[in-house]
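Architecture at a glance
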Amino acid sequence: MTCPLSSGVAAGDAADTSDAAAPAAGYHGAQLDFSADMSYGDYLSLDTILSAQHPRSPEHNELLFIIQHQTSELWMKLMLHELHGARDNIAAGQLPAAMKMLARVAAIMNQLVHAWDVLATMTPPEYTAIRPYLGASSGFQSHQYREIEFLLGNKNATHLQVHRHKPEAYTLLERALAQPSIYDQAILVMARSGLAVDAARLAGPWDQPIRSDASVKAAWTTVYRNTDRYWPLYELAEKLVDLETAFRLWRFRHVTTVQRVIGFKMGTGGTDGVNYLRKMLDVVLFPELFELRTEL
């Protein structure tokens, strides 16, 4: 036996292995000293990310508004990464890789659908209190969202003008406007597979708004009626339908959340608010893939 006040351990007694007894040994094997190694926060640049919120009002709820939109922009950055990869893979005929990327984009859009649930906790008076501090800033000015639309085929050169004050963003969007969209590349692959598509549709120009083409509809109809022969194209078509469905749900939740929070007030960026967003619900990204369903 030893003295109760002694720090020693008597022979035959179990050693004290509690966290307090051996702090230098770590915690469940976790490394505790990062003075010379990269930590979790270092890898993710958390000091930069977590210090990027700068509320302009004295209102408690502004932080929610900022983080909602900042996290959406981060998800959109990943969407763009995947969409560029998908377009490149479709152009190269690597359809399985492209379909994996398109499925990931659809999953991100579904994630963003549920993110609106958080913003919807902001009541009209709470938003009204912070609105004067937003100035003319608006989601309409998101260059990432605009590039996503261009990559998916919803092109409008007028939308470039709002980004003229940001040369880098303007250049990116100008390039996206002029290049074939993901759907354009899918149609080009379909033509290379031997399906008849009008030469005018295959030649561009690529900076025009979405338009339905009878020859494209006929080609996709052939794919759907001969799935064994055109299975990769059929799978690609269904991934595109999944993607557009997710995009529509994202837009719908945007409209309903905005109406819940601000009603029919004009948008901060000058748009007609909810009425403008409702018009966007009518935009169809891949028209032939939805049109042919009536006839199958």
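Residues numbered from 1 in each chain as written. Predicted model: local features only at pLDDT ≥ 70, side-chain atom pairs only at ≥ 80, totals over all residues. Heavy atoms only, no water.

1. Here's the deal with the overall build of the protein chain
Counting its secondary structure elements, the protein chain contains 13 helices and zero strands. Over its C-alpha atoms the protein chain spans a radius of gyration of 27 Å, topping by over 25% the 19 Å that the globule rule assigns to 296 residues. C-alpha atoms of the protein chain, sized along the principal axes, occupy 95 × 55 × 35 Å. Relative to its full complement of 296 residues, the protein chain shows a buried share of 39%. (Helix = DSSP H or I, 4+ residues; strand = E, 2+ residues; numbered from the N terminus. Rg over C-alpha atoms; globule rule 2.2 N^0.38 Å. Buried < 20%, exposed > 50% of the residue type's maximum accessible area, 1.4 Å probe, protein only.)

2. Examining the side chain of Glu149
With respect to the element layout, Glu149 can be found in helix H6 (residues 143-152). What makes Glu149 buried here is its relative accessible area of 1%. A distance of 2.3 Å separates the side chain of Glu149 from the side chain of Arg251, its partner in a polar contact. Every residue in contact with Glu149, bar those within four places of it in the chain, is listed here: Asn154, Phe247 and Arg251. (Polar contact = N/O pair within 3.5 Å; in protein donor to acceptor, adjacent residues only side chain to side chain. Contact = heavy atoms within 4.5 Å.)

3. Considerations on the confidence of the model for the protein chain
Any region with low pLDDT has predicted coordinates that should not be read closely. Overall, the predicted model of the protein chain reaches an average pLDDT of 89, with 91% of residues at or above 70. By mean pLDDT, helix H12 (residues 274-280) is the weakest element of the protein chain at 79, and helix H10 (residues 214-225) is the strongest at 98. Note on residues 4-15: pLDDT under 50 across the span, and three contacts to partners over four residues away in sequence or across chains. (pLDDT = per-residue confidence, 0-100.)

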